[in-house]
Amino acid sequence: TGIVAAVERYAIARTLSGKPTAVSNRGVTSQTGSQYLARLVQDVAKGDRFDVLVWQVASPNDGFSSAISQQQIANAHAAIRIAEQIGAHIVLDGPFPMNANTPSGAQLAAINSARAFCAAMDKIRPGISSCFYDGLHDPAQYGKWVAAYNYSGDGLHQNELATTTVILPNLTAALNTVLAGS
């Protein structure tokens, strides 16, 4: 049988753990985590099912500036509960860089806060894997985009090169890790 992955915004490899994969990209540009959660609740109530949920813990659309908010944490926990209720695995999508220039202390704190949350969930909840994109961060200044991967230098969005060379390989590896336990 195949695997169905509900993914916020990426087209992933067509096979995971050697099984054919159908990807349901449920991302909507500029929506917040709360809006995404509301759509997830509606979709599951209508009977939608998937094997893996990829959940972006900290989105720039949520406007986090110094740490992930209590609302983002609550949204992540709610998404995890929904996935568990339908027997799905979860990949927590780690934070991207937040600035095209030198990030502020608050931005670094936000990135580190999101990473810490993801890492903690990995350890205490079975069926969860986290995906981090360290290759997007400038090695000389963590939190700053590698210029070649940032879409038009806006400090928020990845370009196609980032998607194909950093994001998809890392996300596919995290999905394979979480599926290997099933």
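The structure under discussion appears in the preceding block.
Residues numbered from 1 in each chain as written. Predicted model: local features only at pLDDT ≥ 70, side-chain atom pairs only at ≥ 80, totals over all residues. Heavy atoms only, no water.

Colleague: Could you clarify how one ought to interpret the pairing of strand β5 (residues 89–93) in this entry?
Modeller: Regular strands show a simple pattern: their side chains alternate between the two faces of the sheet. The element β5 is extensively covered by neighbouring structure, given that five of its five residues are classed as buried. Alternating positions in β5 separate into two faces, His89, Val91 and Asp93 on one and Ile90 and Leu92 on the other, with burial throughout. Here strand β4 (residues 52–56) pairs with β5 via five bridges, running parallel. Residue pairing in the sheet places Val52 in a bridge with His89 of β5. Note that the unit made of β5, helix α3 (residues 105–124) and strand β6 (residues 128–131) has a crossover that is right-handed. (Buried < 20%, exposed > 50% of the residue type's maximum accessible area, 1.4 Å probe, protein only. Helix = DSSP H or I, 4+ residues; strand = E, 2+ residues; numbered from the N terminus. Pairing = 2+ DSSP bridges. Right-handed = clockwise from strand over helix to strand, strands pointing away.)

Colleague: Would you explain the pairing of β6 in this entry?
Modeller: Side chains Ile128 and Ser130 of β6 all project onto a buried face; the interleaved residues Ser129 and Cys131 project onto the opposite face, where all are buried too. By the bridge criterion, four bridges tie β5 to β6 in an arrangement that is parallel. Looking at the pairing, Asp93 lines up with Cys131 of β6.

Colleague: Can you help me understand the packing of aromatic side chains in this one?
Modeller: Aromatic ring pairs are defined here through the distance separating the ring centres and the angle between the ring planes. Per the counting criterion, the structure on display carries three aromatic pairs. Pairing Phe96 with Tyr133 gives two aromatic rings, centres 5.2 Å apart and planes at 85°, and the pair type is edge-to-face. Taken together, the positions of Phe96 in the loop between β5 and α3 and Tyr133 in the loop between β6 and β7 (137–138) put the pair 37 residues apart, joining distant regions of the chain. Judged by centre distance (5.9 Å) and plane angle (80°), the rings of Phe96 and Trp145 are edge-to-face. Within this pair, whereas Phe96 is found in the loop between β5 and α3, its partner Trp145 is found in strand β8 (residues 141–145), the two being separated by 49 residues in sequence. With respect to burial, Phe96 and Trp145 carry one shared label: buried. Site record: aromatic cluster; members linked through ring pairs are Phe96, Tyr133 and Trp145. (Phe/Tyr/Trp six-rings, centres within 6.5 Å; stacked < 30°, edge-to-face > 60°.)

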